[in-house]
Every structure is written in structure tokens, then in C-alpha cells.
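# Results of the structural survey
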Amino acid sequence: MMKPVIGLSGKYIALPRGWTSHVKSAVLHAAALAQCALLEASGRANSTTATIARLQGEISRLREQMQIKDARTARIEPHRRPHYPPQERLVILEMRAACGWSLERTAREFLVTAATVAEWVRRVDEQGPEALLQLPEPVNKFPEFVGYLVRRLKTLCPTLGKRKAAEILTRAGLHLSASSVARMLAAKPPIAPPAPRHEAQPPPRAVTAKRPNHVWHVDLTVVPIMQGFWCPWLPNALPQCWPFCWWVAMVVDHFSRRLMGTAIFYKQPSSEQVRALLGCTIRNAGAAPKYLICDKGVQFWCAGFKSWCRRRGIKPRYGAIGKKGSIAVIERCILTIKQLLACLPVVPQWRPAFNRELTLLVQWYNEHRPHETLRAKTPNEAYHHRFPACRTPRHEPRSRWPRGSPCARPWALVRGALGARLELEVDFLMGRKHLPIVRKRPVRPVL
């Protein structure tokens, strides 16, 4: 049954029932309606003779050019002529609907047979990737397998956020933006995204690191062995010492965000123990920092610590008490370490076992975890001035993407041919599921 629609001229134009479900047919009908509107408007338009003459001359030149090109193509046998791609076939039918051409006129204009055009019209509403006629596909659309790789990475490493997943895939050679990763993850049942964590801006007088070993941070934290420190009896808190928790001291290089050294203590360490850790870290690094940033804990705000820094030419800088973000770099590093330790089934209560887990975590953090501040580089790459993996030539899965066009940052050249197909390889450092090592490899075509 046909639904009548009133046109501009007052006549009824019959449209197929349920036409909104046929997108391609709707495009053709819209083009035909536009032609009717153009005829109605052109009858009332006023044009000067000069404009008409200029347009007629331009039309004559274009027709002459088309005749020359058509004559060259007509000398080729019809079955040897190149086929029109699916997008161009739909455009041809749109022009036929707009101009009101017959099958023979359309076939003559585009050097095909009338039977071919009739077949296109009959199969206009086919769906799927193998359809004879297709709507134009944006060149920046990623293939479906890229979304599968992103969702697979999220399944294997559920603690990764969209930005961190994009940086990890960038280092593996597949450049995606954080918004693209978010859109691909949204294709499955939605999961509440984690609350964004923004580093606080440093205070106005903050020291800026200019090179590795220029500015270091040091701080202490507690890692609960159980689920926390609360208990149902008085005074409603467990003592912050072993066997209820571990005290961990960390030293971080500001320039590269590299964990320079760690130490484990049964209880809150003294200033002498912290100084011993710093001295060991300086010997291992082969250099002492110019500035050492810390808080005003009893280990640091004392005459012994200040005298120790003075003898080694180190200038201690203290964060403001109660001011958010005064030691943001070391606090953000501690948060990441504690979140990764929370992924363990049980925090080890035996010191060698906990030291082994912490050592593996520091190794993965320095070598494999990209940092947003470092533009997807790892701490070891920034500290040792290595060429970052995120800048190596990338694979481009979009077959129609222009080779010289920019990609998701950081920008990198295209490796090999366009339209590469990839497989995701996820390894884990010493079998720890919370320490992923992501790689990808191109899929070789089956001969």
C-alpha cells in the first residue's frame, strides 16, 4: 500500500509503505523530490542573459571533455571495463532519480548496459557488507576487529582505563585516541567508568625537573595486609605495624617518574633508616639529586636529615601542610602501587614474598607502564633517553586512510601496507594478571 505525500506543485507523490526502514530507497526518493522542488523554484527565478551565456559555455566545455573521455572508455569491450564500486553505484542511481533518466539514458551516460542498471535498482535495499550498493563509509572508521582488540584488552586487564588502554595500544603500534577506545568499549553492556583522577597543580614555587636525577621525591605509606585497619573492638583500629600492615618507603625521579628505590619496614621507619635507603639509591643511580621533595614527617623534618642533605649538596624542599597537591607526583605513584598491590589475592605476610611482589611491580611500572605526563613513554624510556616504542612505525587497519594524515597522538609513520589485520598478544610478567605486557602481531593472509 502506498502512502500519498503532497508535493510542492500540489500533486500527490506515492511513497512505499514503511519507507523509513529502507535508507537507500529514501535517499533516491529524496533526490527525486529535490528535483521537483528545483523545477518549481526555477520557474520563478530571474537570471540575467550574461549569466546564462556563461553557464552555457561552461556546460559546452564540460560536455566536450566528457565526450572525449567516454569515447576512450567505449573502445574497451564492456566485460573488460572496470566495475563501479558499491558507493558509486548508489550515487549513479541518485543522479538517475534526480534527473528523471530512463534505464537506457542512465546506461548510456555511464557506459554500462540497461540490464546492469535494472539489476542495481532491483537490489537497492540489500543490507550487509556484501551489498551491491552501499552508502559511503567514512575513511576514518576503524574495522570491527579493532573494537574486538580493545574489548579483549579490557577483559584481560579490567583495571585499565580508556586513556591508559589507548597509550598501551599506541606503544604496541596501534594508534587510537581515548575517545575511540571509549566508543569501542561502549559497544558492549555499559560499565560505570571509574571516577577521573586529576593531579593537582603544583604550587607556584614548585621546582621543575630539567633532567633525570635533578629532582627526587621520597615518601612513606602503609600497605594493609588484611582488608584495612578497622576492628569491632576498642579502640576500633589495628596498630599500624606488622603483622597488620607493611611500611613502604619509595623514591621517585620527577623528570622520568621512575621508581628509583623502595624499602620495606615492619613498623614506621626512623630517619636513619630513610637516610640509609636514600644513600643506597644514590649509589645505585650513580648520582645525587639537586632537590629532594618530601613532606614534614618526623623522618624528614629533623636536624639529622637536614644535615645529611647538606653534606651531599642536596636541597630539601617540603610540601605545605594541609595543602592539596604539594607532593602530588609521589602521592600519585603511591596510589598506583597500592592499587596494583590490591589486585593480589592476599598481600603476603612473609617479608621475602612481599618483597618479591613489590620488586616485580616496580620492574613492570618502570619498563612497561606508559605515563600520560610522558606522552605514553615509560619511565625507563624517559630516564635512559631511549627511543619510545609509541613513536615506532604503526600499523594502519583502515584501508582507505590517507597515509600522510595524522593519527592519534603521538604521531608515527605507517608501517607496511594500509588495511593491516592484527592479533592481540597479552603476556603477564611472571604470570601476574595485574601486570600485563601487551603486544600485537599482523595476521598473514591465508593463501
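Let me sum up the structure you'll find in this document. Residue numbers restart at each chain and count upward from 1, following the sequence in its written direction. For a predicted model such as this one, the threshold for reporting local features is a pLDDT of at least 70, and the threshold for listing and counting side-chain atom pairs is 80 or more; totals across whole chains, interfaces and linings nevertheless cover every residue. In computing side-chain values, all of the structure's heavy atoms are included and hydrogens and water are not.

### Here's the deal with the overall build of the chain
- Of regular secondary structure, the chain possesses 13 helices and 9 strands.
- Each residue's exposure class comes from its accessible area (1.4 Å probe, protein chains only) as a fraction of the maximum for that residue type: buried when under 20%, exposed when over 50%, partly exposed otherwise. Within the chain, the proportion of its 447 residues that are buried is 38%.
- A sequence separation of at least 24 residues applies to 59% of the contacts in the chain between residues at least 6 apart. Put simply, DSSP H or I for four residues or longer makes a helix, DSSP E for two residues or longer makes a strand, and each gets a number counted from the N terminus. Residue contacts are defined here by distance: any two heavy atoms, one from each residue, within 4.5 Å place the two residues in contact.

### Some words on a positive patch on the surface
- In this scheme, patches are assembled from residues that exceed 30% relative accessible area and form no salt bridge. Like charges are connected within 9 Å, while nonpolar side chains (Val, Leu, Ile, Met, Phe, Trp, Tyr) are connected within 5 Å. Residue burial considers only the protein chains on display, and all accessible areas are found by Shrake-Rupley using a 1.4 Å probe. Salt-bridge detection follows one rule: a side-chain nitrogen of Lys or Arg within 4 Å of a carboxyl oxygen of Asp or Glu. Charge convention: Lys and Arg are scored as positive, Asp and Glu as negative, and His as well as the terminal groups of each chain are ignored. All charge positions are set by atom: Lys at NZ, Arg at CZ, Asp at CG, Glu at CD. A contiguous patch of positive charge, built from K210, R211, K290 and K315, is present on the exposed surface.
- Of note, K290 is situated in the loop between α9 (271-285) and β6 (291-294).
- The exposure class of K290 is partly exposed, given its relative accessible area of 36%.

### Comments concerning the sheet that holds β6
- Only when DSSP finds a minimum of two bridges between them are two strands counted as paired. Strand order across the open sheet formed by 5 strands is β5-β4-β3-β6-β7, with mixed pairing between neighbours. Lying at the two open borders of the sheet, with one neighbouring strand each, are β5 (259-265) and β7 (315-318). The average undirected angle you get between the axes of adjacent strands in this sheet is 20 degrees.
- Two elements, β6 and β7, share 4 bridges in a ladder whose sense is parallel. When the sheet's bridge partners are listed, Y291 is paired in β7 with K315.
- To obtain an axis, a line is fitted to C-alpha atoms, over the contacting stretch when the element is a helix, and the angle between two such axes runs from 0 to 180 degrees between their N-to-C directions. Lying over the sheet, helix α10 (residues 303-311) contacts β6 and β7, oriented at roughly 135 degrees with respect to β7.

### Some details on the nonpolar core
- Of all hydrophobic cores here, the largest spans 33 residues; its most connected members are M250, L259, I337, L341 and F354.
- Listed by contribution, the elements that provide at least two residues to this core are β3 (215-224), β4 (245-253), β5, β6, α11 (328-341) and α12 (351-367).
- In contact with F354, other than residues within four places in its own chain, are V223, W246, V248, I264, L341, V347 and P348.
- Of all hydrophobic cores here, the second largest spans 25 residues; its members include F229, A249, A263 and C294. Take the buried Ala, Val, Leu, Ile, Met, Phe, Trp, Tyr and Cys residues and link them wherever side-chain atoms come within 4.5 Å; each set so joined is a nonpolar core.

### Topic: the packing of aromatic side chains
- Ring pairs are drawn from Phe, Tyr and Trp, using the six-membered ring of Trp, whenever the two centres fall within 6.5 Å, and their geometry is named by plane angle: stacked under 30 degrees, edge-to-face over 60, tilted for the rest. Inspection of the entire model under this criterion finds 9 aromatic pairs.
- Ring plane angle 90 degrees and centroid distance 6.2 Å describe the contact between Y84 and W120, whose orientation is recorded as edge-to-face. In this pair, Y84 sits in the loop between α2 (49-74) and α3 (86-99) while W120 sits in helix α5 (residues 114-122), placing the two residues 36 residues apart along the sequence.
- Y84 gets classed as partly exposed once you look at its relative accessible area, which sits at 26%.
- Note on W120: relative accessible area 6%, which makes it buried.
- For the ring pair W301 and Y318, a centre distance of 4.8 Å and an interplane angle of 80 degrees mean the geometry is edge-to-face. Here W301 is found in the loop between β6 and α10, whereas its partner Y318 is found in strand β7, with 17 residues between them in sequence.

### Thoughts on the side chain of T336
- Mapped onto the elements, T336 comes out in helix α11.
- Residue T336 is classed as buried on the basis of its relative accessible area, which comes to 6%.
- If sequence neighbours within four positions are ignored, T336 has contacts with Y365 and R369.

### Considering the environment of V443
- For V443, the location among the structural elements is in the segment after β9 (436-442).
- Looking at V443, the relative accessible area reads 36%, which means it is partly exposed.
- On a C-alpha basis, the gap between V443 and L422 in space is 5.3 Å, while along the polypeptide they are 21 residues apart.

### Overview of α9
- Multiplying 1.5 Å by the helix residue count minus one yields the expected span of that helix. Taking 1.5 Å as the rise per residue, α9 with 15 residues should run 21 Å; its terminal C-alpha atoms sit 21 Å apart, in good agreement.
- Every buried residue of α9 is accounted for by S271, V274, R275, L277, L278, G279, T281 and I282.
- Looking at the packing, one finds that the buried side of α9 touches β3, β4, β5, β6 and α10.
- Looking one or two residues beyond α9, the residue adopting positive phi is G286, at roughly 75 degrees.

### Structural notes on the pairing of β3
- For β3, a buried count of 9 out of 10 residues is recorded, marking the element as mostly surrounded by other parts of the structure.
- Pairing analysis gives 3 bridges linking β3 to β6, with the strands arranged parallel. Note that in β6 the partner of W216 across the bridge is L292.
- Alignment of β3 against β4, held across 9 bridges, turns out to be antiparallel. Its bridge partner being in β4, H217 is matched across the sheet by V252.

### Points about the pattern of salt bridges
- Tallied over the entire structure, the rule returns 12 salt bridges.
- R123 is the partner of E119 in a salt bridge, and the nearest nitrogen-oxygen pair spans 3.6 Å.
- Across the pair E272 and R275 runs a salt bridge, and its minimum N-O distance is 3.4 Å. Of this pair, E272 and R275 are both found in helix α9, 3 residues apart, which corresponds to roughly one turn of the helix.
- For E272, a relative accessible area of 51% puts it in the exposed group.
- We classify R275 as buried; its relative accessible area is 17%.
- Through salt bridges with shared partners, a single ionic network connects E119, R122, R123 and E126.

### What to know about empty space enclosed by the protein
- Only protein atoms enter the 1 Å grid used here. Points where a 1.4 Å probe fits but cannot escape make up a cavity, open sets with protein on both sides within 12 Å along at least five of seven lines make up a pocket, and a residue lines them when an atom lies within 4 Å of a point. Grid points are joined across faces, edges and corners, and a volume is the space filled by probe spheres set on the points. Overall, the coordinates contain 1 cavity of 30 Å³ or more when judged by the stated rule.
- Approximately 50 Å³ is the volume found for the largest cavity.
- Along its surface, the largest cavity is lined by V150, L153, K154, L160, G161, K162, A165, V181 and L185.
- With 3 residues, helix α6 (residues 144-156) is the single largest residue contributor to the lining of the largest cavity.

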